[in-house]
Amino acid sequence: MTTKDIKGFISEIDSVKTDYEKAHALEDELREDFIKEVAKRRDEIGEMAKLILSTNEIEFARDCA
């Protein structure tokens, strides 16, 4: 993931901001992708990112209005 990729995501989110669900989903995707990128690191920050991603395995309802 590059700065250019992130700016592209932000631009896409901004372009669909009137569609709240789509904008929110894209925002979540950006955050998830970024955390996955950080999780590739072989240091404490990478380990912390892996721990944060592990919450995806906790089963609970994630639908919110």
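Preceding this paragraph is the structure being described.
Residues numbered from 1 in each chain as written. Predicted model: local features only at pLDDT ≥ 70, side-chain atom pairs only at ≥ 80, totals over all residues. Heavy atoms only, no water.

**Description of the nonpolar core**
Stage number 1. One finds F9, I13, V16, A23, L26 and L30 forming the largest nonpolar core, which totals six residues.
Stage number 2. Of all elements in the fold, only α1 (3-15) and α2 (20-39) reach the threshold of two or more residues within this core.
Stage number 3. Broken down by element, this core gets its largest block of residues, three residues, from α2.
Stage number 4. When residues no more than four places from it in sequence are discounted, the contact partners of L30 are M1, I6, F9, I10 and I13. (Core = buried A, V, L, I, M, F, W, Y, C linked by side-chain atoms within 4.5 Å. Buried < 20%, exposed > 50% of the residue type's maximum accessible area, 1.4 Å probe, protein only. Helix = DSSP H or I, 4+ residues; strand = E, 2+ residues; numbered from the N terminus. Contact = heavy atoms within 4.5 Å.)

**Quick look at the pattern of salt bridges**
Stage number 1. Applying the stated criterion to the full structure yields six salt bridges.
Stage number 2. The partner of D43 in a salt bridge is R41, with the nearest N and O atoms 2.4 Å apart. (Salt bridge = Lys/Arg side-chain N within 4 Å of Asp/Glu carboxyl O.)

**Topic: helix α3 (residues 44-53)**
Stage number 1. Listed in full, the buried residues belonging to α3 are G46, A49 and L53. End-on, the buried residues of α3 take up no more than an arc of 60°, which puts them together on one face. Exposed and oriented more than 90 degrees from the buried face of α3 are E44 and L51.
Stage number 2. Considering only its buried residues, α3 is in contact with α2.
Stage number 3. Looking at where α3 begins, the residue whose side-chain oxygen comes 3.2 Å from the main-chain nitrogen of I45 is D43. (Arc of directions from axis to C-beta. Polar contact = N/O pair within 3.5 Å; in protein donor to acceptor, adjacent residues only side chain to side chain.)

**A short note on the packing of α1 against α2**
Stage number 1. One way to put it is that α1 packs onto α2 with a least axis distance of 9 Å and a crossing angle of 165°. By the criterion of interaxial angle, the relationship of α1 to α2 is roughly antiparallel. By crossing handedness, the relation of α1 to α2 is classed as left-handed. The residues of α2 that touch α1, namely those facing I6, F9, I10, E12 and I13, are A23, L26, E27, E29, L30, D33 and F34. (Axes fitted to C-alpha atoms, helices over the stretch in contact; angles between N-to-C directions. Parallel < 35°, antiparallel > 145°, perpendicular 65-115°, else oblique. Left-handed = near helix turned anticlockwise from the far one by under 90°.)

**Considering the packing of α2 against α3**
Stage number 1. The geometry of α2 relative to α3 is characterised by a closest axis approach of 7 Å and an angle of 140° between their N-to-C directions. When the axes of α2 and α3 are compared, the pair comes out oblique. For the pair α2 and α3, the sense of crossing is left-handed. Only I45, G46, A49, K50, I52 and L53 of α3 make contact with α2, whose side of the interface consists of E32, I35, K36, V38 and A39.

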